[in-house]
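Observations on the three-dimensional arrangement
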Amino acid sequence: MADIVVKNLSFAYAGAAQNALHNISFTAAEGTLTLLCGATGSGKSTLLRHFVKELTPHGKRTGTLRYGDTEIVQLEPLKAAQKFGLVMQNPDNQIVTDNVFSELFFGLENLGFSAAEAHRRVAETVGFFGMESYLHKAIDSLSGGQKQLVNLAAALALRPEVLILDEPTAQLDPVASADFIAALLRINRELGVTVILCEHRLEQIFAHADQVVLLDKGQIAALGTPRELAAELMREPQLNKMYPAFPAAARLFGAVGGKGECPLSVREGRAFVQAFVKSGAEIHSAIPPKPATTPPQKPSVRLKNVYFRYESKGLDILNGADFTVYPGEITCILGGNGSGKSTALGVMGGVNCPHIGKIEILEKNIKAYKGGSLYKGILAGLPQNPETLFTRETARLELEEMGGDTSETQRIAQLLEISDLLPMHPLDLSGGERQKLAFAKVLLCNAQIYLLDEPLKGLDSRYKQVFGAVLKQLKDAGKTLILATHDIEFAALNADKCCICFNGELSAPLAAKEFFAGNYFYTPAINRIARAAGFNEVLSVEELAAKLRRKEFTV
Amino acid sequence: MNSGFGLQRYHAAAAFMFFAAVIILTAVTVHPAYAAVSLIGAFFYCIILKKGAAVKFFLLFALPVIILFTLVNALSVSSGVTILFYLYNPVTLESIINGLTLGGVIAAVLLWFYAYGAVISPHRFLGLFGRVLPKTALVLTMSAGLFPRYKRRLKEVKRAQILIGKGGGGIKKGYRNLAALLSWSLCDGLETAASMRARGYGLKTRKPLTFKKMRASDIAVLSILTAFAAFLTAAFIAGAASFTFYPSLPPSADYSLFAAAVFAAFALFCLLPVILHTEEVLRWRTSLLKI
């Protein structure tokens, strides 16, 4: 075990004019957890890859990167593979074999361990993660969260001294990512493994880091303990691109100009709010305004008593779903993995054909749209995996094949901030960029109804705001937007209506405020903080800060 | 983890040895009695292993094979002296029995393969041969993971393309879907490679480890099976199981004590999986009663 010391590290990719990393220095002490954060393109992934000898990027490099006394690139290869474990973003792609058991043995087999030693290591790893129940399952039958835990366990079976993680929870739903982070924290706390990870979702992990390194344009913009860093950065939110990703409690602290210790978790945030609300002061919680009764409209999508299953002998995935959506609204379908969200979108899009029930699109039975006429200007969908839409050599060709005129293509590219990416091959783009390109393709369908399946996967917090603004424009133009998403925070800020998909049934869409005010833990962090002062309907940091500043809570 | 009995529980080498021997021995002998016992042994073993599914397999594949061979042989071969009736050509009893035997042999081999599938999973197979062919074993286990994934993805691509108005049938659309799947999957391969290298792949010779230890009971069963197989092979080479259908039945077969012993050994060999399995199931049941 040893410290990792980065000193004056600069790096430029072969052939690139600009440095991707510039003069980076920090120390990740043995047994600590270092969180690297930064907006997309800040160089955090490039930095992270320098820690794994086998993946060190090619290019021009100055400065040093040592593990103990040795430069990481000069580590003996077998030692490097054993001491440094790696987990990356996509759970599927890192898995080599077809079942959990062999996957855990994979690294041990590569390094030539004896059978007895390997069995013991796998046994204790399985025990540590409690994965006995799916040890003999085929990889293909596991959920994304389970697959990512398998990746973590496979790395841990080699007993690494350092774990390097590149946005390991970006593709996971909130519950799975909380489980993953809990496992990671246990490894750090109970086994003393040094952890270096980068993430854009900071709400869960931020408070647990020993050290946070904030990168911007390849340089260190700030470095310190989470509390120091949050307190410092929250004073000037406009200077910090990562601001929206910070924990809700810290943003609230900044927004009301808090003094003293910056709260980081929901618990601390609640204590902070309660201290703000002076003792004895009576809270008069604003009565949630009655949602304005919308003028009677014609529904754009309607499901009536829909039953659907994938296999004739399988279970019904949709179980008598009833659902009505109107134009000019953003509707979010929330719910866990496997609750039927994607299936419901497939049914609305006509690619899943229900065995019972009726679907109406613009008040016409979906079956009456013959010969693909449904997909010509009426309905378009964004799939869960953006890669399913890419068939061309460049992003530009991808957009042009949608048949819009050049000015429209350019407008959409600008709107979604992908103009710079157009000359690139779609699959050379990062996960978030692929998502943007796929969304651009879908928008070029110029439809009335958009079905978006997990559209926020891999997007950073700043871009989520851009995305929210684009959705608003579309809704104002009278389009119908239906999102299936795990992202509670996004839904709280942007949805008009929310509903929950559970056990194959869709709840009736409620106005977002009403929906979240009625939930207890399935609500954004800021709402759980605001409840401490009785503001059950608050859904954004700004809203709560305004209330606290106006002292709305005193009589 | 093992939930099976008999050959499912013993070391894969024992099961593999048995199936290799029984399939080859069945296939090289065209003798009505041998075909019959092999068919019976295979049929009952399949039923024990797969229950109703085995009956379905028998009715859909094995039985039609028997009928087909019998019909074809009866109608096309007119050798033999016992003419039963005429259908363009004379149809003889010898030719029917010959067809029935051929069909029985093929059906028995099919059923043995069916049982093989239930007893030796791809993983047990790899565990057995992984050490001899480490690279092949890795490629096989990787492909086993990729096939279901690609299948699922192709479906996903089709649906996604429909939803942006680029769906539908036709070769051109099919090609588009395949192109999307291929470039997506190739790109993923890069990340898989990175993950493999980070876990030390290619640094030294890979040593597959997921094999099972041979226990004393495995060695005992394997020795018994090998002894049977060796004896039967020698006896078959010596012609103990030869049979002639033409020109006439009753056959000019060997009715010596030796021939009877060989037949008994073969019958016992074919029934061995059923016996091992049932014996263990019974032992398990009695162990429950003792509690």
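Each value, and the rule that gives it
- Residues numbered from 1 in each chain as written.
- Chains lettered and ligands numbered in written order.
- Predicted model: local features only at pLDDT ≥ 70, side-chain atom pairs only at ≥ 80, totals over all residues.
- Heavy atoms only, no water.
- Helix = DSSP H or I, 4+ residues; strand = E, 2+ residues; numbered from the N terminus.
- Rg over C-alpha atoms; globule rule 2.2 N^0.38 Å.
- Buried < 20%, exposed > 50% of the residue type's maximum accessible area, 1.4 Å probe, protein only.
- Contact = heavy atoms within 4.5 Å.
- Phe/Tyr/Trp six-rings, centres within 6.5 Å; stacked < 30°, edge-to-face > 60°.
- Domains from an automatic or database assignment.
- Polar contact = N/O pair within 3.5 Å; in protein donor to acceptor, adjacent residues only side chain to side chain.
- Expected span 1.5 Å × (residues − 1).
- Bend = angle between axes of the 7 residues up to and from the residue.
- Pairing = 2+ DSSP bridges.
- Right-handed = clockwise from strand over helix to strand, strands pointing away.
- pLDDT = per-residue confidence, 0-100.
- Buried area = accessible area lost by both parts, 1.4 Å probe.
- Salt bridge = Lys/Arg side-chain N within 4 Å of Asp/Glu carboxyl O.
- Nonpolar A, V, L, I, M, F, W, Y, C, P; charged D, E, K, R; others polar.
- Axes fitted to C-alpha atoms, helices over the stretch in contact; angles between N-to-C directions.
- Parallel < 35°, antiparallel > 145°, perpendicular 65-115°, else oblique.
- Disulfide = S-S within 2.5 Å.

As a further point, take the overall build of chain A. On a plain count of helices and strands, chain A comes out with 18 helices and 21 strands. Relative to the compact-globule value of 24 Å for 555 residues, chain A shows a C-alpha radius of gyration of 25 Å, a close match. Dimensions of chain A, computed from C-alpha atoms along their principal axes, come out at roughly 75 × 65 × 50 Å. Taking all 555 residues of chain A together, the buried fraction comes to 56%. In chain A, once contacts between residues fewer than 6 apart in sequence are set aside, the share between residues at least 24 apart is 67%.

Two aromatic rings, taken as a pair, are described by how far apart their centres are and by the angle between their planes. All names here are of chain B. Using the criterion set out here, one finds 35 aromatic pairs over all chains in the structure. Their ring planes at 50° and their centres at 5.0 Å tell us that F18 and F269 sit as a pair that is tilted. Of this pair, F18 sits in helix α1 (residues 12-28) while F269 is found in helix α9 (residues 257-290), placing the two residues 251 residues apart along the sequence. A single burial state applies to F18 and to F269, both of which are buried.

What follows covers the domain arrangement of chain B. The domain architecture assigned to chain B consists of domain 1 (6-131 + 213-289) and domain 2 (134-198). With centres defined by C-alpha atoms, the gap from domain 1 of chain B to domain 2 of chain B works out at 41 Å.

What follows is about the side chain of T29 of chain B. Residues and elements named next belong to chain B. By the element assignment, T29 lies in the loop between α1 and α2 (32-50). Judged by its relative accessible area of 4%, T29 falls in the buried class. A distance of 2.6 Å separates a polar atom in the side chain of T29 from the backbone oxygen of L25.

Residues and elements named next belong to chain B. With 25 residues, helix α3 (residues 52-76) should reach 36 Å at 1.5 Å per residue; the first-to-last C-alpha distance of 35 Å fits that figure. Approximately 40° is the largest bend angle found in α3, and it occurs at F58. Of the positions making up α3, those classed as buried are A54, F57, F58, A62, V65, I66, T70, N73 and A74. Buried-residue contacts for α3 involve α2, β2 (89-92) and α4 (93-119).

Let us now look at the pairing of strand β17 (residues 449-453) of chain A. Residue and element names in this part refer to chain A. Among the 5 residues of β17, 5 are classified as buried, and the element is accordingly described as predominantly covered. The side-chain alternation of β17 yields two buried faces, one formed by I449, L451 and D453 and the other by Y450 and L452. Looking at chain direction, strand β16 (residues 379-382) and β17 are connected through 4 bridges and run parallel. When the sheet's bridge partners are listed, L379 is paired in β17 with I449. Pairing of β17 with strand β18 (residues 480-484) involves 5 bridges; the strand directions are parallel. Across the sheet, I449 pairs through a bridge with T480, a residue of β18. As a crossover connection, the stretch from β17 through helix α14 (residues 461-476) into β18 is right-handed.

Per-residue confidence for chain A gives a mean pLDDT of 88; residues scoring 70 or more make up 95%. Summarising per-element confidence for chain A, the mean pLDDT is lowest in helix α7 (residues 226-234) of chain A (84) and highest in β17 of chain A (96).

A few words now on α14 of chain A. Residues spaced three or four apart along an α-helix face the same direction, because each turn holds 3.6 residues. When the terminal C-alpha atoms of α14 of chain A are compared, their 23 Å separation across 16 residues agrees well with the 22 Å that a helix rising 1.5 Å per residue should span. Turning to α14 of chain A, its buried residues number three or more, namely S461, Y463, K464, V466, F467, G468, V470, L471, L474 and K475 of chain A.

Bringing the interface of chain A and chain B into the picture now. Tallying the contact residues gives 63 residues for chain A and 46 residues for chain B. Roughly 4,800 Å² is buried in total at the junction of chain A and chain B, and carbon and sulfur atoms are behind 59% of that figure. The tally of links from chain A across to chain B stands at 3 salt bridges. Close ionic contact of E401 of chain A with R176 of chain B constitutes a salt bridge, the shortest N to O distance being 2.8 Å. Our count for the chain A to chain B interface comes out at 15 residue pairs in polar contact (both at pLDDT 80 or more). Of all the elements, helix α3 (residues 100-110) of chain A adds the most residues to the side of chain A that touches chain B, at 8 residues. For the side of chain A that touches chain B, the per-class residue count stands at 32 nonpolar, 19 polar and 12 charged.

Our focus in this paragraph is the packing of α1 of chain B against α4 of chain B. All names here are of chain B. Where α1 meets α4, the axes come as close as 9 Å, and the angle between the chain directions of the two elements is 170°. Here α1 lies roughly antiparallel to α4, going by the angle between them. Where α1 abuts α4, its residues A15, F16, F18, F19, V22, I23, T26 and A27 lie against V105, A108, V109, W112, F113, A115, Y116 and V119. Residues belonging to the contact of α1 with α4 are distributed by class as follows: 15 nonpolar, 1 polar and no charged.

Sheet strands pair by backbone hydrogen bonding; their relative direction is either parallel or antiparallel. Residue and element names in this part refer to chain A. On the basis of which strands lie adjacent, the open sheet formed by 4 strands has the order β2-β1-β4-β5 and antiparallel pairing. Edge positions in the sheet fall to β2 (21-28) and β5 (70-71), since each has one partner strand and no second. Bridge analysis of strand β4 (residues 59-67) against β5 gives 2 bridges, and the strand direction is antiparallel. Opposite Y67, over in β5, you have T70 as the bridge partner.

Once that is clear, we can look at the state of the cysteines. Residue and element names in this part refer to chain A. Scanning all chains against the criterion turns up 0 disulfides over all chains. A disulfide-free cysteine, C353 has its sulfur positioned 18 Å from the sulfur of C501, the nearest such atom. You can call C353 exposed: its relative accessible area is 59%. Looking at the unpaired C501, the closest cysteine sulfur is the one in C499, lying at 7.2 Å.

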